[in-house]
Amino acid sequence: MYAMLTQKLSKGFKSWSDMLNNNKDKLDRHGMTLIYAGSHAEDDNKMIAIIHWESKEGMISFKNDEELTKIRAEAGAITESTEVTILSEESIHNIPKAL
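It should be emphasised that the depicted structure is a prediction, and the values quoted were computed from it without experimental measurement.

### Brief notes about helix H1 (residues 12–22)
- Taken as a whole, H1 has its buried residues at Gly12, Phe13, Trp16, Met19 and Leu20. Seen end-on, H1 carries its buried residues on one side only, within an arc spanning 155°. Away from the buried face of H1 by more than 90 degrees, exposed residues Lys14 and Asn22 are located.
- Elements in contact with the buried residues of H1: strand E1 (2–9), helix H2 (24–29), strand E2 (32–40), strand E3 (43–53), helix H4 (66–74) and strand E4 (77–87).

### With respect to the layout of surface pockets
- Of the voids in this model, the largest pocket is the one considered here, and its volume is about 230 Å³.
- Lining the largest pocket, in full, are Leu5, Trp53, Met59, Phe62, Lys63, Thr69, Arg72, Thr79, Thr82 and Val84.
- Contributing elements (two or more residues each) for the lining of the largest pocket: helix H3 (56–63), H4 and E4.
- Its residues assigned to classes, the lining of the largest pocket shows 5 nonpolar, 3 polar and 2 charged.

### Describing the pattern of salt bridges
- Throughout the structure, instances matching the rule amount to 1 salt bridge.
- Across the salt bridge formed by Asp18 and Lys14, the nearest N and O atoms sit 2.9 Å from each other. Taken together, the residues Asp18 and Lys14, both in helix H1 and 4 residues apart, mark about one turn of the helix.
- Residue class for Lys14 comes out exposed when judged on its relative accessible area of 57%.

What counts and how
- Residues numbered from 1 in each chain as written.
- Predicted model: local features only at pLDDT ≥ 70, side-chain atom pairs only at ≥ 80, totals over all residues.
- Heavy atoms only, no water.
- Buried < 20%, exposed > 50% of the residue type's maximum accessible area, 1.4 Å probe, protein only.
- Helix = DSSP H or I, 4+ residues; strand = E, 2+ residues; numbered from the N terminus.
- Arc of directions from axis to C-beta.
- Contact = heavy atoms within 4.5 Å.
- 1 Å grid on protein atoms, 1.4 Å probe; cavity = no way out; pocket = protein on both sides within 12 Å on 5 of 7 lines; lining within 4 Å.
- Points joined across faces, edges and corners; volume = space filled by probe spheres on them.
- Nonpolar A, V, L, I, M, F, W, Y, C, P; charged D, E, K, R; others polar.
- Salt bridge = Lys/Arg side-chain N within 4 Å of Asp/Glu carboxyl O.

Right, here's the structure in full:
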């Protein structure tokens, strides 16, 4: 399942990105693959991510992972601002070519 995540940050995108790279094993345990993440061009403390989870249960286990939530918050994620929108499975990728 695909989802779009938006959230506010308090320490900028680099801090969040470093945290993500340092916790790949935890994300893998939840069946999560990050497709894209980036901050707004005009505000490094607003971000968006497109994520694929292998299952709804994996997404729920990510959401309920208190240890990972604490790690995310320490990296500057304002977790109470997080909004998740489930996306359609019907999608297109890499048109006209892969980046």
